[in-house]
Amino acid sequence: MGAPGPVRRISWKHAIRRQTKARAEALHEAALEALSRKELDAAREGFEKALAAFEACEDTVGQAMTRHNLGLTCQEAGDLDAARTWFEQSLAISEQEELDGGIGVTCHQLGMVAQLSQDYAKAKDWYERALAVEEKLENAPAEAKTCHQLGLCAHYAGDLGSARKWYGRSVAIFEGLGDKDNADKTKKLLDFLTDYERQGGDVEHPDCPHHKH
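Per chain, the residues get numbers from 1 upward, laid out in the order the sequence is written. Confidence filtering applies because this is a predicted model: local features only for residues at pLDDT of at least 70, side-chain atom pairs given and counted only at 80 or more, and all residues used for totals across whole chains, interfaces and linings. Excluding hydrogens and water, the side-chain figures rest on all heavy atoms present in the structure.

Colleague: How do you make sense of the packing of aromatic side chains when you look at a structure like this?
Modeller: A ring pair, where both rings are aromatic, is described by two values, the distance of the centres and the angle of the planes. Pairing of aromatic side chains here covers Phe, Tyr and the six-membered ring of Trp, requires ring centres within 6.5 Å, and sorts the geometry by plane angle: under 30 degrees stacked, over 60 edge-to-face, intermediate tilted. Counting across every chain of the model gives one aromatic pair. Geometrically, the ring pair formed by Tyr120 and Tyr156 is tilted, given 5.0 Å between the ring centres and 45 degrees between the ring planes. Remark: Tyr156 occurs in helix 7 (residues 140-157) and Tyr120 occurs in helix 6 (residues 120-137); sequence separation between them is 36 residues. Pair check on accessibility: Tyr120 and Tyr156 agree, each one buried. Put simply, DSSP H or I for four residues or longer makes a helix, DSSP E for two residues or longer makes a strand, and each gets a number counted from the N terminus. Partly exposed describes any residue whose relative accessible area lies between the buried limit of under 20% and the exposed limit of over 50%, with all areas from a 1.4 Å probe on protein chains only and scaled to the type maximum.

Structure follows, in structure tokens:
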């Protein structure tokens, strides 16, 4: 056999890109593990390094995913402004690349940020955008969670009829999935609402103002 021929520039470029992508994915996975342990500084640092690597290899899906997870990290740390910025950047990439799954999950998290900021009208808008994508993708678990959050937002805003509707829809989907735990959690909120209506009491919020799915 003869000696291998010269390696073309494009081959080197592809090899370097593959290595960079593998490094980005490893950094991202380590950051996810740190986030699961609530090691937020380590998670943020890891995601930032992963993002730089995904940008270097021009992996737009990786960039959208990592920006989303930086948003989650900031949200967990209570920095809602930073979380919103990261989520908006992630959403922009997902929309540009037509990544329906990314659009749905990031719209849901933007709803969470608005809800935590007590901007329930904005939260409702984001959740409804998420729900439209979840219905399109037939993602029933995500749909049930988003309906739950829409129920909470309506409840907080004093729209008890809408709250009842969204809670009921969430319960029905969870039950259809055999998810008894989440169905029971939402049922408690529905029962809470029904009890106050029967007693003719004032609109009350659930015990935990930041209850979330």
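Colleague: I keep staring at the packing of helix 8 (residues 160-176) against helix 9 (residues 180-199) and nothing clicks. Help me out?
Modeller: In a packed pair of helices, the relevant descriptors are the angle between the two axes and the axis-to-axis distance. Geometry is summarised by axes, namely lines fitted to C-alpha atoms with helices restricted to the contacting stretch, and by angles between N-to-C directions that run from 0 to 180 degrees. With their axes 9 Å apart at the nearest point, helix 8 and helix 9 run at an angle of 155 degrees to one another. Considered as vectors, helix 8 and helix 9 are oriented roughly antiparallel to each other. Helix-helix and strand crossings are classified by hand; for helix 8 and helix 9 the assignment is left-handed. Residues Leu160, Ala163, Arg164, Tyr167, Gly168, Ser170, Val171, Phe174 and Glu175 of helix 8 form the contact with helix 9, whose participating residues are Asn182, Ala183, Thr186, Lys187, Leu189, Leu190, Leu193 and Glu197. Amino acids are sorted into nonpolar (Ala, Val, Leu, Ile, Met, Phe, Trp, Tyr, Cys and Pro), charged (Asp, Glu, Lys and Arg) and polar (every other residue, Gly among them). Grouping the constituent residues of the contact of helix 8 with helix 9 by class yields nine nonpolar, four polar and four charged. When an angle is under 35 degrees it counts as roughly parallel; over 145 it counts as roughly antiparallel; between 65 and 115 it counts as roughly perpendicular; any other value is oblique. Left-handed describes a crossing in which the near helix is turned anticlockwise from the far one by less than a right angle; the clockwise case is right-handed. Here, residues are in contact when the closest pair of their heavy atoms is within 4.5 Å.

Colleague: How do you make sense of the nonpolar core when you look at a structure like this?
Modeller: When a protein is soluble and globular, its nonpolar side chains tend to lie buried together. In this text, buried Ala, Val, Leu, Ile, Met, Phe, Trp, Tyr and Cys residues form a nonpolar core when linked through side-chain atoms within 4.5 Å. Within the largest apolar cluster, 36 residues are counted, with the highest numbers of intra-cluster contacts made by Leu91, Cys107, Tyr127 and Tyr167. Contributing elements (two or more residues each) for this core: helix 4 (80-96), helix 5 (100-116), helix 6, helix 7, helix 8 and helix 9. With eight residues, the next largest nonpolar core counts Ala31, Ala34, Ala43 and Leu70 among its residues.

Colleague: I would appreciate a short explanation of the pattern of salt bridges in the present structure.
Modeller: When the charged atoms of two side chains with opposite charge come close together, those side chains can pair. Salt bridge, as applied in this entry: a Lys or Arg side-chain nitrogen positioned within 4 Å of an Asp or Glu carboxyl oxygen. What the rule picks out here adds up to 14 salt bridges. Glu95 is paired through a salt bridge with Arg129; the nearest N and O atoms lie 2.7 Å apart. You can see Glu95 sitting in helix 4 and its partner Arg129 sitting in helix 6, a full 34 residues away along the chain. Arg169 serves as the salt-bridge partner of Glu143, at 2.8 Å between the closest nitrogen and oxygen. Separated by 26 residues along the polypeptide, Glu143 in helix 7 and Arg169 in helix 8 bring together distant segments of the chain. Exposure remark for Glu143: the relative accessible area of 15% places this residue in the buried category. Note on Arg169: relative accessible area 29%, which makes it partly exposed.

Colleague: Got a minute to help me understand helix 3 (residues 60-77) in this structure?
Modeller: Since one α-helical turn is 3.6 residues long, residues separated by three or four positions face the same way. End to end, helix 3 covers 26 Å across 18 residues, agreeing with the expected 26 Å (1.5 Å per residue, within 8%). If you check which residues of helix 3 are buried, you get Gly62, Gln63, Ala64, Thr66, Arg67, His68, Asn69, Leu70, Gly71, Thr73, Cys74 and Gln75. We call two N or O atoms a polar contact when they sit within 3.5 Å, provided that within protein one can donate a hydrogen and the other can accept it, with sequence-adjacent residues counted only if both atoms are side-chain atoms. Structurally, the start of helix 3 carries an N-cap: the backbone nitrogen of Val61 is 3.2 Å from a side-chain oxygen of Asp59. Gly78 occupies a position one or two residues after helix 3 and carries a positive phi of about 90 degrees. A helix is expected to span 1.5 Å for every residue after the first.

Colleague: I'm lost on helix 5 in this one. Help?
Modeller: Compared with an ideal rise of 1.5 Å per residue, which puts 17 residues at 24 Å, helix 5 spans 24 Å between its outermost C-alpha atoms and is within 8% of the ideal. Most of helix 5 is tucked away: 13 of the 17 residues are buried. In the stretch just after helix 5, Gln118 is the one whose phi turns positive, near 65 degrees.

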